[in-house]
Amino acid sequence: MNRDEQGLDFSTVIASTVHDMKNSLSALIQAHDQWLARLPEVLHGGSEQGVMEHEFRHLNGMLVQLLGLYKLDINQLPICPDYHELDDFIEAQLAAQQEVLEHRDILATWRLETESPLGFFDRELVASVVGNVLTNAIRHAGHALQISIEDVGEQLVISVNDDGPGYPQRMLERQQDYVQGIDSSTGSTGLGLYFAARIAALHERNGVRGRIEISNGGVLGGGLFRLYLP
């Protein structure tokens, strides 16, 4: 039986559908922004708008992850590392979340503790990971979160810490098994962490691959996500 007789590959169908969904979501977000701009100032803000902004970003992040995982599976996700200004990178990630942070009344801070102001990584891929982690941190945070970058040995470590309840013990105990099935209490599938781990591993230098780590604690006491880049 040849390929035509077998029919379309299901993963290709899903990837095509996800791509269309992402385009539709982008059009919806643009229309929402235009509609919002026409509203009187007195009608701006409110918890409903914060929910919409957060869920728009959450949906977009999930679709980006699904497309990324498909491309990883067929070895078509290119990695293009380069040198980037770290303070600019952090500020850009927080700026993308600014409206949601304001609506959720969350104070976001950042710190940079590195010997060099530059980091070597694929900005788009790492930004997709950090953006997803920030979205989840905002979902679970009380009133504060912090993103930081520091040197640990010869690796660059990007951390996101919040003041929420932290990662469930079940997730902490299965650090190497990020696709853990749907958690009925949280709705989590673990795909976000799996995607982050795969992106981290694409970054390699001198035989050392990038990795991720989750724990609870940090300066804010809640969930602590770390991305290690060699």
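Calculation notes
Residues numbered from 1 in each chain as written. Predicted model: local features only at pLDDT ≥ 70, side-chain atom pairs only at ≥ 80, totals over all residues. Heavy atoms only, no water. UniProt positions renumbered as here; feature names shortened; annotations may be inferred. Helix = DSSP H or I, 4+ residues; strand = E, 2+ residues; numbered from the N terminus. Buried < 20%, exposed > 50% of the residue type's maximum accessible area, 1.4 Å probe, protein only. Contact = heavy atoms within 4.5 Å. Areas by Shrake-Rupley, 256 points an atom, 1.4 Å probe, with all protein chains shown as cover. Pairing = 2+ DSSP bridges. Axes fitted to C-alpha atoms, helices over the stretch in contact; angles between N-to-C directions.

Per an unreviewed UniProt entry, the recorded name for the protein chain is histidine kinase, and the organism is Pseudomonas guariconensis. The heading Catalytic activity (unreviewed entry) in the UniProt record of the protein chain holds the text "ATP + protein L-histidine = ADP + protein N-phospho-L-histidine."

### Observations regarding the overall build of the protein chain
Secondary structure summary: the protein chain contains eight helices and nine strands in total. Within the protein chain, the fraction of its 230 residues that count as buried is 38%. Across the protein chain, the fraction of contacts at a sequence separation of at least 24, relative to all contacts at a separation of at least 6, is 70%. Carbon and sulfur atoms make up 52% of the accessible area of the protein chain, which amounts to about 13,000 Å² in all.

### Overview of the sheet that holds strand S8 (residues 211-216)
Taken in spatial order, the five strands make up an open sheet running S2-S4-S5-S9-S8, and their pairing is mixed. The open sheet has two free edges, formed respectively by strand S2 (107-113) and S8, since each of these has just one partner strand. For this sheet the average axis-to-axis angle between neighbouring strands, irrespective of direction, equals 15 degrees. In this sheet, strand S9 (residues 223-229) lies alongside strand S5 (residues 155-162) in antiparallel orientation, the contact comprising six bridges.

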